[in-house]
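Examining the three-dimensional arrangement
One letter stands for each residue in the lines below.
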Amino acid sequence: MVGGALSADWAPAFEAVPRSAFLPDLIWPWSMAAGKSVAISRADDPEAWQAYADADCPIVTQWDDGGHSGTEPGRVSTSSASMPSVVFRMLRDLDLRRGHRVLEIGTGTGWNAALLAHRVGPENVVTVEVDEAVSTAAREALERFGLGVGVVHGDGTAGYEQGAPYDRITVTCGLRSIPYTWVRQCRPGGVIVSPWGTHYSNGDAVARLEVARDGTSAAGRFTGPVEFMKLRSQRLPPVIHREYVPGSVADGEETSTSLTEEEFVGEPFSAHRFALGLRVPHCLQVVAEKRDGARPVWLYGLADRSWACVQFRDGEVARVWQHGGRRLWDEAETAYRWWDETGRPGHDRFGLTVTRDGQRAWLDDPANDWPL
């Protein structure tokens, strides 16, 4: 049910704290058959509702920051219950022990906080949620379940100073920058587990950072790919294509590339996309649908209006157009060649260091780093 992620020490919590106890009556689970989120009402179809609640699938519980109504999916999913397999992989990374003080950033439904409380005691868990309606619903669900976890409505980037220092900090939303506040509120030797990535794609990886003995930094490797809703204050604003390309690709400088679609596009959670995000900063990649044997891939500069487009077509050499102060395709192709020549490193060969001055990613050794 949880994809082999459920270790023996977490099995009692999984049995004692069902996800269904924290879900609302109307949910939008991801349907593999439909290829999208579908509305399921407990009142209308209790069997289907329970089946999805017990399944290893993500379930959206809020759209559009609460501004959505009705049963059709909204524009942007903004709160959810994560896949149980992902939840337990991150709990395993946390290495949680009885008596540890834990700060959770992103309460969501409250299920993860309940699992934490079952392990370390509710008095040792504080969870922070930016959305007032979400935090209220989670608090009520936790109280119904008999777990008096401290639920705080507030900005998670500020942590929760009143409960510090913490032994563990766990984050349930995707980050683009780890707040130094969390390092300061976590004790030396403590662990921070957070999804992290770049704006290059929606794909994140789980960073497991250990706070240094002097408490001034935190560093560690990534443990594997995930995809999470992004921290609200770090969401990327919509990129409007026509603001970059008011005319056509013919306005750009045309070249070609020997890279193939299979090589460059890869899978959504592939390590090379993650690597390209690290090596091509301040850039968004958009992979269009494939039609009639052709697939365009766009690159948009986030610090200026530079853009690039590579058109992959079955059986043909890919054409490239780029325009602006940055040659984004040249950067992306160079980054791909670097990843390939470095032995195609997976997520677990990359790491992250967070200090008061910012964050730096690295490959294999923190000395081999570059600023982000």
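Computed from a predicted structure; not experimentally measured. (Residues numbered from 1 in each chain as written. Predicted model: local features only at pLDDT ≥ 70, side-chain atom pairs only at ≥ 80, totals over all residues. Heavy atoms only, no water.)

1. Brief notes about unusual backbone geometry
Heads up, the rule is: A run of H or I in DSSP becomes a helix once it reaches four residues, and a run of E becomes a strand once it reaches two; helices and strands are each numbered from the N terminus. Relative accessibility decides the category of a residue: with a 1.4 Å probe and only protein chains considered, values under 20% of the type maximum give buried, values over 50% give exposed, and everything between is partly exposed.
Here Ala164 and Pro165 are connected by a cis peptide whose omega angle stands at 0 degrees. Of note, Pro165 is situated in the loop between β8 (150–153) and β9 (166–171). Of note, the phi angle at Asp65 is positive, near 55 degrees, even though the residue is not glycine. As for its placement among the helices and strands, Asp65 is situated in the loop between β4 (59–63) and β5 (77–81). On the basis of relative accessible area, Asp65 is assigned to the partly exposed category, the value being 35%. Phi at Asp364 is positive, roughly 70 degrees, even though this residue is not glycine. Relative accessible area serves as the criterion here: at 33%, Asp364 is assigned to the partly exposed category.

2. Observations regarding the side chain of Arg119
Selection rule: Polar contact is the term for a pair of N or O atoms within 3.5 Å; when the atoms are in protein, one must be able to donate a hydrogen and the other to accept it, and sequence-neighboring residues count only if both atoms are side-chain atoms. Contacts were defined at the residue level, with two residues in contact if any of their heavy atoms lie within 4.5 Å.
In this fold, Arg119 is placed in helix α4 (residues 111–120). A relative accessible area of 17% means that Arg119 is categorised as buried. Of note is the side chain of Arg119, whose polar atom sits 3.2 Å from the backbone oxygen of Leu96. Residues within four places of Arg119 in sequence aside, it is in contact with Asp9, Trp10, Leu96 and Arg98.

3. Concerning helix α3 (residues 84–94)
Each α-helix turn comprises 3.6 residues. Residues three or four places apart therefore point the same way. Of all 11 residues making up α3, nine are buried, and the element is well covered by its neighbours. Within α3 the residues assigned to the buried category are Pro84, Ser85, Val86, Val87, Phe88, Met90, Leu91, Asp93 and Leu94. Remark: Asp95 follows α3 within two positions and exhibits a positive phi of approximately 50 degrees.

4. Observations concerning α4
Counting buried positions over the 10 residues of α4 gives nine, a clear majority of the element. The complete set of buried residues in α4 reads Trp111, Asn112, Ala113, Ala114, Leu115, Leu116, Ala117, Arg119 and Val120. Buried residues along α4 sit against α1 (11–16), α3, β6 (102–105), β7 (125–129), α5 (132–144) and β9. Positive phi shows up at Gly121, right after α4, with a value of about 95 degrees.

5. What about the environment of Arg305?
Relative to the helices and strands, Arg305 is located in the loop between β15 (294–301) and β16 (307–313). Take Arg305: its relative accessible area is 46%, and that puts it in the partly exposed class. In this structure, the C-alpha to C-alpha distance between Arg305 and Asp251, residues 54 residues apart in sequence, is 13 Å. Setting aside chain neighbours within four positions, we find Arg305 in contact with Glu243, Tyr244 and His323. Polar side-chain contacts of Arg305 include one of 3.2 Å to the side chain of Glu243.

6. Overview of the pairing of strand β11 (residues 204–211)
The cut-off we apply is this: In this description, strands pair whenever DSSP reports at least two bridges between them.
β11 sits mainly inside the fold: six of its eight residues count as buried. Two elements, strand β10 (residues 186–196) and β11, share six bridges in a ladder whose sense is antiparallel. Its bridge partner being in β11, Val193 is matched across the sheet by Arg208. Two strands pair when backbone bridges link them, and β11 and strand β12 (residues 217–226) are joined in this way by five bridges, in the antiparallel orientation. Looking at β12, one finds that Glu210 is bridged to Ala219. What sits between the antiparallel neighbours β11 and β12 is a turn of five residues, in which Gly215 has the positive phi angle 75 degrees.

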